[in-house]
Amino acid sequence: MPTWPVQADRSIATLVGRERESVRLDRLLDEVRGGASRILILSGEAGSGKTALLDRLVRAADDFQVVSTVGVQAERELPFAALQQLCTPLLAHLGALPARQASALRVTFCVEDGPAPDRLLVSLALLGLFAEAAVDRPLLCVVDDEQWIDAASAEALTFAARRLGEESVALVFATRSPGDRLDGLPVESVRPLDDADADRLLSSTLPFAVDRRVRDQLVADAHGNPLALVELSRELRMARLGGGYGLADALPLPASLDAVFRRRIEALSPESRRLLVLAAADATGNIRLLWDAAALLGIPTDAARQLVDQGCLEFGLRVRLQHPLLRSAAYRTATSQELADVHAALAAATDPVADPDRRAWHRAEAATGLDDDTARELESSAERARARGGLAAAAAFLQRATLLSPAGADRTRRALAAARATVQVGAFDDARALLDLAETGSAGPADLARAQQLRAEVEFAGDRNGRVPALLLAAAEAIRPWDPELARSSLLDALRSSVYAGRFAEEGSDLATVARVAASAPSPGPSRATEPLDRIVGRYETNGDPVPAFVSALRNIGCPNDDHASDPRWLSLLAFAASGAWDFPFWDALTGRFVLECREQGALSELRLALTQRIYVLLLAGRAREAEEAIDELTAALGTMGGRMASYSALAVAAFVGRERDVLEVADAAIRDAHARGEGLVLTGARWAVCVLYNGLGHYAEALDHARGALEPPVDELGLDNWTLVELIEAASRTGERDAAERAFARLTRTTRQSDGGWARGIQERCAALLADDAEAETHYREAIRLLGHSGLDAEEARAHLLYGEWLRRQRRRSGARTQLRLAHQRFEAVGMAAFAERARRELWATGEVVRSEAPTTGPALTAQEEQIAQLATDGLSNPEIGVRLFISARTVEYHLGKVFAKLNISSRAQLADARRAPAGRAARPVE
């Protein structure tokens, strides 16, 4: 195998004028040596010197462990390609990670077989791998040409970048322009050189004296781009400039730097040019692979000498192109047949065992024309890609397989498989095009039904609007004769989508209608997964009430995985059923499990929904601070991955704690979005949150307006509609709208009377008290306090004390009123409901009692993150478990726990509970 000496580093010259950036990079290394983790993005146009700065950084980090990767345009659709290149030297540290995280990376990097891990799990594992690798020696991770790395690698790397703490890790990206996925990370702009620095750089690269006017033209045309200066100076020829003193127009400068590289490529011999194209097509830089492929193409070894002499390639431990623009230019100058030949040679030379995905990718790039044999190979490649979590690669392989397939049943099947994979990666327009192809030609009834089902999935995944339930219902009916399991799956999706669509569901596809259809569909029979529903069904049957259609539907069609009731989608539906049935303990347990399963499985797409449902549980239980922590987790899980937090969950928290400005700003946007997309649950959730805020502030007329807007037309939304009725009754009773309050109460009791739980009965009693005459109101208030007090619903109990106290004050029973209002004020302060606490304080003031809010004494101040970590440690979670929960590394947890111990003056976890214990808990107070 031929080797060539590494050329002298040409990047030193292009560091002229980069003193500021160099100082910042040196400071970054010093901070990491001191134990911190640092992130930096070098941003600048192609040729601005970013790669030269990275080279200098690596040379300066001689005491670091250094790993690097380079984005390659040809591999943007190959998931985790860049990450595999970066992390291969670190795989020895996998044994220190939690077993599921280590397995996720092994499967992702094709070290072992297994089901495709969720990308959130891969991201968490990467974070832990960086932390473990840096235990004994600081770690420097360098990512060049970030704009070309695949989306899966970028997602994992930016997740880690945002969560690194005190692990002694430096992560430095170089990119042309920071996109959304790098948003919020520190950026160092590599700006164009000024004329003085450009002239200084030119002087260091010109081999002879040049007329000043020529120098000035070179500087002007380069626009401060260092690489442009270096490459344009190479174009100078003594003869063309009359000894270097000719006129400026003696040099016909190309219009762009890309043109410079094209000129250099065109000047190469045919063999050297083919070898350059081959190197450009391979992102690994593997020398043996390059020469094996070159031999297959008949390229002689001496073709490399011209490339080395011209500075196009460098041969060391890896093959390196002089600049990414050269790679792009070389690839684009090749004909389609030349590229097919190059990729075919690389595929043949790639080890099918060691690197099957990359080999498959080259086969895909090499394929031309209809070729059913190659299509079959691509299907196998797609399965390998799917097994390592490469859904985007699987989709790309299957798309290519479809295009290579002759018309017939195989092409239809591959088109449907490609469409399904494409939906999973969010490329909905591509999926629709594939479905168009699947529905043409020889597609039979079963294929057409599957295509219809997939079209409905595209709508559900892309935009949960009012059309989706009807589409999913129709799809379920069409596919049932051919695939009963897929029909059940469509019905479950139809149920979920009808909950979200709410009032915006098309006629005949509202929740009640969809539930009736699902309840009458063929059933697979009983399974352990449906056993939790027996609790709800039994409660209705005991009371002699009909079982709600939604519950009957779930019981009939069952869990999508039958006995495997850990499926997040199933847990989501069960949680909706528990909420609609006013079963708070069951709802609490289900949402807790829903969140836990999503964390355990790394199911990021479901985690958003799980945390949103969990937040409502926490709020109604009076655990507003925990709800805010859940919002932080939601932000960490999605924000770090470039996602967007569901606005109505944050809106609900802001309403409960009384942040008026936040509520009104977010609510307006959420309501507009709900109308635009046709998602009724968002609309109701936003208006309910505003009702809670305004009732807390005592702005009852505004609360009533929003409640009416949320409840018209009437629609069953499995909880939110009931809670909004409660807010309407309170607001209407305070504004003299008794008829409106009585109508809402009649509607509310249609659901509360079907439950014998403390939540439903307590809320019913509290609302009844607002409508009762003076002789009966007190009995209702006292019963509401008793029922809610035994239900774990601290916020609802506190509101009952408040309403009872307000009623007592209006009855001129000041002593009793003070007792109830004092209790309400204390409870609201304890749970963080500031607006309601202020309302209680005003009422107390009206009784003649002055109350000052006092912040609870909590000992030495901990930061928000330290408080979270301390609480989880108190709950018994290990450092790795806390890291998984908060999306940080175990090393960061260890660091913060050390700070917690120091602040609390303790030395072990066993002392945490005592050190953090709040002052004596609230004493039980009798109801007067």
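Residues numbered from 1 in each chain as written. Predicted model: local features only at pLDDT ≥ 70, side-chain atom pairs only at ≥ 80, totals over all residues. Heavy atoms only, no water.

A. Seen up close, the packing of helix H35 (residues 720–734) against helix H36 (residues 738–752). With their axes 8 Å apart at the nearest point, H35 and H36 run at an angle of 155° to one another. Taken together, the axis directions place H35 and H36 in an arrangement best described as roughly antiparallel. You can see that H35 and H36 cross each other, and the crossing is left-handed. Facing H35, whose interface residues are Asp721, Asn722, Leu725, Val726, Leu728, Ile729, Ala732 and Ser733, H36 presents Arg738, Ala740, Ala741, Ala744, Phe745, Arg747, Leu748 and Thr751. Class assignment of the residues belonging to the contact of H35 with H36 gives a composition of ten nonpolar, three polar and three charged. (Axes fitted to C-alpha atoms, helices over the stretch in contact; angles between N-to-C directions. Helix = DSSP H or I, 4+ residues; strand = E, 2+ residues; numbered from the N terminus. Parallel < 35°, antiparallel > 145°, perpendicular 65-115°, else oblique. Left-handed = near helix turned anticlockwise from the far one by under 90°. Contact = heavy atoms within 4.5 Å. Nonpolar A, V, L, I, M, F, W, Y, C, P; charged D, E, K, R; others polar.)

B. Structural view of the pattern of salt bridges. In this structure the tally under the stated criterion is 52 salt bridges. Residues Arg839 and Glu730 are paired through a salt bridge, measuring 2.9 Å at the closest nitrogen-oxygen approach. Note that Arg839 is positioned in helix H41 (residues 834–846) and Glu730 in helix H35, a separation of 109 residues in sequence. Take Arg839 and Glu730: they sit in the same class, and that class is buried. Among the salt bridges present, the one from Glu796 reaches Arg766, with a minimum N-O distance of 2.8 Å. Of this pair, Glu796 sits in helix H39 (residues 794–810) while Arg766 sits in helix H37 (residues 758–771), and the two are 30 residues apart along the sequence. Judged on exposure class, the residue Glu796 and its partner Arg766 are both buried. One continuous salt-bridge network, built from bridges that share partners, spans Asp372, Asp373, Arg376, Glu379, Asp410, Arg413 and Arg414. (Salt bridge = Lys/Arg side-chain N within 4 Å of Asp/Glu carboxyl O. Buried < 20%, exposed > 50% of the residue type's maximum accessible area, 1.4 Å probe, protein only.)

C. Layout of the pairing of strand S1 (residues 38–43). Within S1, five of the six residues are buried, which leaves it mostly tucked inside the rest of the structure. With six bridges connecting them, S1 and strand S4 (residues 169–175) associate as parallel partners. From the neighbouring strand, Ser43 faces S4, where its bridge partner is Thr175. Looking at chain direction, S1 and strand S5 (residues 187–189) are connected through three bridges and run parallel. Bridge assignment links Ser43 to a residue of S5, and that residue is Ser189. (Pairing = 2+ DSSP bridges.)

D. Fine view of the sheet that holds strand S3 (residues 139–144). A sheet is described by the order of its strands in space; here five strands give the open sequence S2-S3-S4-S1-S5, paired in parallel fashion. Single-partner strands in this sheet number two, and they are strand S2 (65–70) and S5. When the angles between neighbouring strand axes are averaged without regard to direction, this sheet yields 15°. Running over the sheet, helix H1 (residues 19–33) touches S1, S4 and S5 and is turned about 160° from S1. The sheet strands contacting helix H6 (residues 151–163) are S1, S3 and S4, and the helix crosses S4 at an angle near 130°.

E. Looking closely at helix H11 (residues 270–281). The end-to-end C-alpha distance of H11, which contains twelve residues, comes to 17 Å, matching closely the 16 Å that a straight helix rising 1.5 Å per residue would cover. Taken together, the buried positions of H11 are occupied by Ser272, Leu275, Leu276, Val277, Leu278, Ala279, Ala280 and Ala281. (Expected span 1.5 Å × (residues − 1).)

F. Spotlight on the packing of helix H34 (residues 700–711) against H35. Closest axis-to-axis distance for the H34/H35 pair is 8 Å, and the angle between their directions is 145°. At the point where H34 passes H35, the crossing takes the left-handed sense. Mapping the contact onto sequence places Tyr700, Ala703, Leu704, Ala707, Arg708, Ala710 and Leu711 in H34 and Asp721, Thr724, Leu725, Leu728, Ala731, Ala732 and Arg734 in H35. Looking at the contact of H34 with H35, its residues break down into ten nonpolar, one polar and three charged.

G. Just the packing of aromatic side chains, in detail. Within this structure, the stated rule accounts for 16 aromatic pairs. Ring plane angle 5° and centroid distance 5.6 Å describe the contact between Trp587 and Trp759, whose orientation is recorded as stacked. Residue Trp587 is located in helix H28 (residues 584–601), and its partner Trp759 is located in helix H37; the two are separated by 172 residues in the primary sequence. You'll find Trp587 and Trp759 in the same group, each marked buried. Taken together, a centroid distance of 6.0 Å and an interplanar angle of 45° make the contact between Phe656 and Trp688 tilted. (Phe/Tyr/Trp six-rings, centres within 6.5 Å; stacked < 30°, edge-to-face > 60°.)

H. Representation of empty space enclosed by the protein in the model. Within this structure, the stated rule accounts for three cavities of 30 Å³ or more. Space inside the largest cavity adds up to approximately 180 Å³. If you trace the largest cavity, you find 14 residues lining it, with Phe576, Gln613, Tyr616, Leu681 and Leu720 closest to the centre. Put simply, the parts of the chain that give the lining of the largest cavity at least two residues each are helix H27 (568–580), helix H29 (604–620) and H35. For the lining of the largest cavity, the element with the highest residue contribution is H29, accounting for four residues. (1 Å grid on protein atoms, 1.4 Å probe; cavity = no way out; pocket = protein on both sides within 12 Å on 5 of 7 lines; lining within 4 Å. Points joined across faces, edges and corners; volume = space filled by probe spheres on them.)

I. Quick peek at helix H33 (residues 680–697). Taking 1.5 Å per residue, 18 residues should reach 26 Å; H33 reaches 26 Å between its end C-alpha atoms and fits that length. Summarising burial for H33: 17 of the 18 residues are buried, a large majority. Residue Gly698 follows H33 closely and has a positive phi angle near 85°.

J. Structural context of the environment of Glu894. Residue placement: Glu894 occurs in helix H44 (residues 890–904). Residue class for Glu894 comes out partly exposed when judged on its relative accessible area of 44%.

K. Molecular detail of unusual backbone geometry. That bond from Glu712 to Pro713 is cis: its omega, -5°, falls within 30 degrees of zero. Following the sequence through the fold, Pro713 ends up in the loop between H34 and H35. Although it is not a glycine, Trp582 sits at a positive phi angle of roughly 60°. When you line up the elements, Trp582 lands in the loop between H27 and H28. On the basis of relative accessibility, which here comes to 2%, the residue Trp582 falls in the buried class.

L. Fine view of the nonpolar core. Ranked by size, the top nonpolar core spans 181 residues in total, and within it Leu83, Phe130, Leu495, Phe550 and Trp587 carry the most contacts. Ranked by residues supplied to this core, first place goes to H33 with eleven residues. Setting aside residues no more than four positions away along its own chain, Phe550 makes contact with Leu495, Val499, Leu511, Ala515, Leu573, Phe576, Ala577 and Leu718. With 36 residues, the next largest nonpolar core counts Ile265, Ile287, Val319 and Leu326 among its residues. (Core = buried A, V, L, I, M, F, W, Y, C linked by side-chain atoms within 4.5 Å.)

M. Here's a closer look at the side chain of His896. For His896, the location among the structural elements is in helix H44. Take His896: its relative accessible area is 12%, and that puts it in the buried class. Here His896 is in contact with Gln865, Glu866 and Ile869, once residues within four sequence places are set aside.

N. Structural context of the pairing of S2. Side chains Gln65, Val67 and Thr69 project from S2 onto a buried face, and the interleaved Val66, Ser68 and Val70 project onto a face without burial. Of the strand pairs in this sheet, S2 and S3 are connected by six bridges, and their pairing is parallel. In the strand pairing of S3, Gln65 is matched with Leu139.

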